[in-house]
Amino acid sequence: MTKSVLDTIAAQLQSVNPEDKICGCHSISNLCGHEAARSKMVELQFSRMCAPLIMEQDTDIVAAALECLYNMSCQGGDTVQHLVSQDILTPLLSLLAQFSIITDLKDRQKIIQREKIIEDSFNLLWHLLQESQQVLEGVIKSSILSKIIPFMSS
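Residues numbered from 1 in each chain as written. Predicted model: local features only at pLDDT ≥ 70, side-chain atom pairs only at ≥ 80, totals over all residues. Heavy atoms only, no water.

Q: An account of the overall build of the protein chain is requested, with residue identities and associated values reported.
A: In terms of regular secondary structure, the protein chain is built from ten helices and zero strands. Taken from N to C terminus, the helices and strands of the protein chain fall in the order α-α-α-α-α-α-α-α-α-α. Taking 15 Å as the expected radius of gyration for a compact globule of 154 residues, we find that the protein chain reaches 16 Å, a close match to that expectation. Projected onto its principal axes, the C-alpha coordinates of the protein chain cover approximately 45 × 35 × 20 Å. Partitioning the contacts of the protein chain with sequence separation of at least 6, the portion at a separation of at least 24 is 65%. Only carbon and sulfur atoms are counted for the fraction: they give 52% of the accessible area of the protein chain, which is about 8400 Å². Between the centroid of the 12 positive side chains of the protein chain and the centroid of its 18 negative side chains there is a distance of 4 Å. (Helix = DSSP H or I, 4+ residues; strand = E, 2+ residues; numbered from the N terminus. Rg over C-alpha atoms; globule rule 2.2 N^0.38 Å. Contact = heavy atoms within 4.5 Å. Areas by Shrake-Rupley, 256 points an atom, 1.4 Å probe, with all protein chains shown as cover. Lys, Arg positive; Asp, Glu negative; His and termini not counted. Charge placed at Lys NZ, Arg CZ, Asp CG, Glu CD.)

Shown next as C-alpha cells:
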C-alpha cells in the first residue's frame, strides 16, 4: 500500500464532491480486507474521516460510509476496538436517533433508500455490539433503545 494511494483516499473522504466521498468509502471497503492496508488505515485514523459521513444529507454518501464502516468492523475485534476508540458510535447513534417508522414518504425510491440505510445502520450497530462491551454501555447510556424498539415490533 503506497502512501500516494492512502493520500488519495484521504483527500476523497474530505472532498466537497459527493462522488469523491463515495469513491473514498468504496476504496476503504475494498482494501480493509488486506491486513497491510487495514493497518495503515487504522494508523492514519481513516475511521475519523469516514464516520461523520453517515450524517450527510446525501443518502448515497451515507450508504457508502455505512458499508465502509461495516466492512471495517468485520475485520476482527482489534479493528472494532479501533473504530470504537475513534468514536464512530457518536455519529451512528445520532443517525439512529433520527429514524422513525416510514409512513409519510410518497416516493418509492426514497422509501427503499431510507429502509436500506436503516437496515445498514442496525447491522453496523449489531456487529459492534457483538464485539465490544463498551458499545453496549454506550447504547444503554444513550437511551437509543426507545427509538429502536418500534422497528422490532413489525
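Q: So what about the layout of surface pockets? Which residues, and what values?
A: Of the volumes computed, that of the largest pocket is approximately 300 Å³. What lines the largest pocket is a set of 14 residues, among which Gln57, Thr59, Gln98, Arg114 and Ile117 lie closest to the centre. When residues of the lining of the largest pocket are traced back to their parent elements, those giving at least two are α5 (59-73) and α8 (108-131). Here the residues of the lining of the largest pocket are counted per class, giving seven nonpolar, four polar and three charged. (1 Å grid on protein atoms, 1.4 Å probe; cavity = no way out; pocket = protein on both sides within 12 Å on 5 of 7 lines; lining within 4 Å. Points joined across faces, edges and corners; volume = space filled by probe spheres on them. Nonpolar A, V, L, I, M, F, W, Y, C, P; charged D, E, K, R; others polar.)

Q: Lay out the confidence of the model for the protein chain with the relevant residues and their values.
A: Mean pLDDT over the protein chain stands at 89; residues scoring 70 or higher make up 94%. Averaged pLDDT values for the elements of the protein chain fall to 73 in helix α10 (residues 145-152) and rise to 96 in helix α2 (residues 18-31). (pLDDT = per-residue confidence, 0-100.)

Q: If you had to explain α2 to someone new, which residues and values would you point to?
A: Over its 14 residues, α2 extends 20 Å from the first C-alpha to the last, a length consistent with the 20 Å expected when each residue adds 1.5 Å. All buried positions along α2 are accounted for by Lys21, Ile22, Gly24, Cys25, Ile28, Ser29 and Leu31. Packing partners of the buried residues in α2 comprise α1 (3-13), α3 (35-43), α4 (46-50) and α5. With a side-chain oxygen lying 2.9 Å from the backbone nitrogen of Glu19, the N-terminal cap of α2 falls on Asn17. (Expected span 1.5 Å × (residues − 1). Buried < 20%, exposed > 50% of the residue type's maximum accessible area, 1.4 Å probe, protein only. Polar contact = N/O pair within 3.5 Å; in protein donor to acceptor, adjacent residues only side chain to side chain.)

Q: Which residues make up the side chain of Ser73, and what are the values?
A: Looking at where Ser73 falls in the secondary structure, it is placed in helix α5. From its side chain, Ser73 meets the backbone oxygen of Tyr70 in a polar contact 2.7 Å long. Among residues more than four places away in sequence, those in contact with Ser73 are Val80, Leu83, Leu124, His127 and Leu128.

Q: Let's hear about the nonpolar core: which residues, and what values?
A: Side chains that are nonpolar tend, in soluble globular proteins, to be buried together. Counting 44 residues, the largest nonpolar core has Phe46 and Leu92 as its most contacted members. Leu92 has contacts with Ile54, Leu66, Ser121, Leu124, Leu125 and Leu128, leaving out every residue within four places of it along the chain. (Core = buried A, V, L, I, M, F, W, Y, C linked by side-chain atoms within 4.5 Å.)

Q: Describe the environment of Asp78, and please don't skip the residues or the numbers.
A: In this fold, Asp78 is placed in helix α6 (residues 77-85). When the C-alpha atoms of Asp78 and Glu131 are compared, they prove to be 9.1 Å apart, with 53 residues separating the residues in sequence.

Q: Which residues make up α8, and what values go with them?
A: Counting along an α-helix, one turn takes 3.6 residues, and residues three or four places apart therefore face a common direction. Given a rise of 1.5 Å per residue, 24 residues ought to cover 34 Å, and the 35 Å separating the end C-alpha atoms of α8 matches this to within 8%. Every buried residue of α8 is accounted for by Ile111, Ile117, Ile118, Asp120, Ser121, Leu124, Leu125, His127 and Leu128.

Q: So, the pattern of salt bridges: which residues are in play, and what are the values?
A: On inspection of all chains with the given rule, the structure shows three salt bridges. Between Lys40 and Glu43 there is a salt bridge, with the nearest N and O atoms lying 3.4 Å from each other. You can see Lys40 and its partner Glu43 sitting in helix α3, three residues apart, about one turn around the helix. What makes Lys40 partly exposed here is its relative accessible area of 34%. Of the residues examined, Glu43 reaches a relative accessible area of 55% and is grouped as exposed. One salt bridge in this structure joins Asp120 and Lys116, with 2.9 Å as the shortest N-O distance. (Salt bridge = Lys/Arg side-chain N within 4 Å of Asp/Glu carboxyl O.)

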